[in-house]
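Residue strings, one per chain:
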Protein chains: 2
Amino acid sequence: MELADRHCTPCRGGVAPLTQDAAAARLAGLPGWQLADGAKRIVRCIHRPDFATALALVNRIGALAEQEGHHPDLKFGWGYVTVELFTHRIGGLHENDFILAAKINALAPPERDRH
Amino acid sequence: MELADRHCTPCRGGVAPLTQDAAAARLAGLPGWQLADGAKRIVRCIHRPDFATALALVNRIGALAEQEGHHPDLKFGWGYVTVELFTHRIGGLHENDFILAAKINALAPPERDRH
C-alpha cells in the first residue's frame, strides 16, 4: 500500500526512532522533503504566490493533521509554508511522519510548487 | 490614539527602520513582545492548549494581517503560536509592526496566555 493511502497509528512511545538510513530510504519516494536536525525531523518548504494562499494550504494541512491525530510544526508567511514533521514521544522520526508527509505531497504536489 | 486603534499605512520603502532605542520604547507598552535579530524584528510566543486552538488563533491573526495589508511570519504547532513581525521593504522595524503587534495583543491578551 502506498504511504499516502495509509493512516497514522497511535504512537505511545517505547519504540526507537527510525535510523538515519531507514529515514533516508523512505525519503527517496517523497520529493521535496529533506532530513533535518540530525535526522530527527523531516522538512519541506512549499512556495505559494502570496499570504492568503499560504494560509489556505496551512488550513488544509491542519485539517489533515487533525484527521490523522498527528501534528506538524508549520511556519508560513507571504509566499511560503515550511512543514516540519517529527514524533515528540520518541524524540525522532516514526513511520507516521512519512505517512503524513506523503499525504501532504498529495495535497500539494512538489512538481506544481511555484518557485 | 492607542496603537491598537491605528491602521497600518502603505510602506513603499525609502524610510529608515526604527532604531533599537525607538523600538524598545514602543515595546514598553506591548507586553509579551521582544526584540529579536539585532532589533530587526519583534517576536511574541503565545501558548494555546492544543493544535486546533493554535490554528484558530493563526487564522484570526491571518485575517487581521489581510485587513491591514501587513503580514507576519507565523510558526505554530501543538500548544503554541510564534509571531514574528518586521517590514521587508526596509529590512527592519516600521511603525506598522507595532500597530499590528498591538492589534494581536487585543486579539490574544498576554495576561490570558496559558503557560
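Residues numbered from 1 in each chain as written. Chains lettered and ligands numbered in written order. Predicted model: local features only at pLDDT ≥ 70, side-chain atom pairs only at ≥ 80, totals over all residues. Heavy atoms only, no water.

1. Points about the pattern of salt bridges
Part 1 of the argument: Counted under the stated rule, the structure contains twelve salt bridges over all chains.
Part 2 of the argument: Note that Glu95(A) and Arg6(A) form a salt bridge whose closest N and O atoms lie 3.4 Å from each other. Of this pair, Glu95(A) sits in helix α3 (residues 95-107) while Arg6(A) sits in the segment before α1 (20-27); the two residues are 89 residues apart in sequence, bridging distant segments of the chain.
Part 3 of the argument: Arg6(A) sits in the partly exposed class, given a relative accessible area of 30%.
Part 4 of the argument: Where Arg41(B) meets Asp37(B), a salt bridge forms, and the shortest distance between an N and an O atom there is 3.2 Å.
Part 5 of the argument: Among the charged side chains, a salt-bridge network with shared partners connects Asp37(A), Arg41(A), Glu84(A) and Lys75(B). (Salt bridge = Lys/Arg side-chain N within 4 Å of Asp/Glu carboxyl O. Helix = DSSP H or I, 4+ residues; strand = E, 2+ residues; numbered from the N terminus. Buried < 20%, exposed > 50% of the residue type's maximum accessible area, 1.4 Å probe, protein only.)

2. As for the pairing of strand β2 (residues 41-47) of chain A
Residue and element names in this part refer to chain A.
Part 1 of the argument: Counted residue by residue, β2 has five buried out of seven residues, so it is predominantly covered.
Part 2 of the argument: Joining the antiparallel neighbours strand β1 (residues 34-36) and β2 is a turn of four residues, in which Asp37 adopts a positive phi near 55°.
Part 3 of the argument: Pairing analysis gives six bridges linking β2 to strand β4 (residues 80-85), with the strands arranged antiparallel. Bridge pairing links His47 to Tyr80 in β4. (Pairing = 2+ DSSP bridges.)

3. Let's talk about the state of the cysteines
Residues and elements named next belong to chain B.
Part 1 of the argument: Enumeration according to the criterion identifies zero disulfides over all chains in this entry.
Part 2 of the argument: Unpaired in this structure, Cys8 has its nearest cysteine sulfur neighbour in Cys11, at a distance of 10 Å.
Part 3 of the argument: Under the relative-accessibility criterion, Cys8 is labelled buried at 12%.
Part 4 of the argument: For Cys11, a relative accessible area of 16% corresponds to the buried category. (Disulfide = S-S within 2.5 Å.)

Interpretation note: all reported values are geometric properties and have no functional meaning in isolation.
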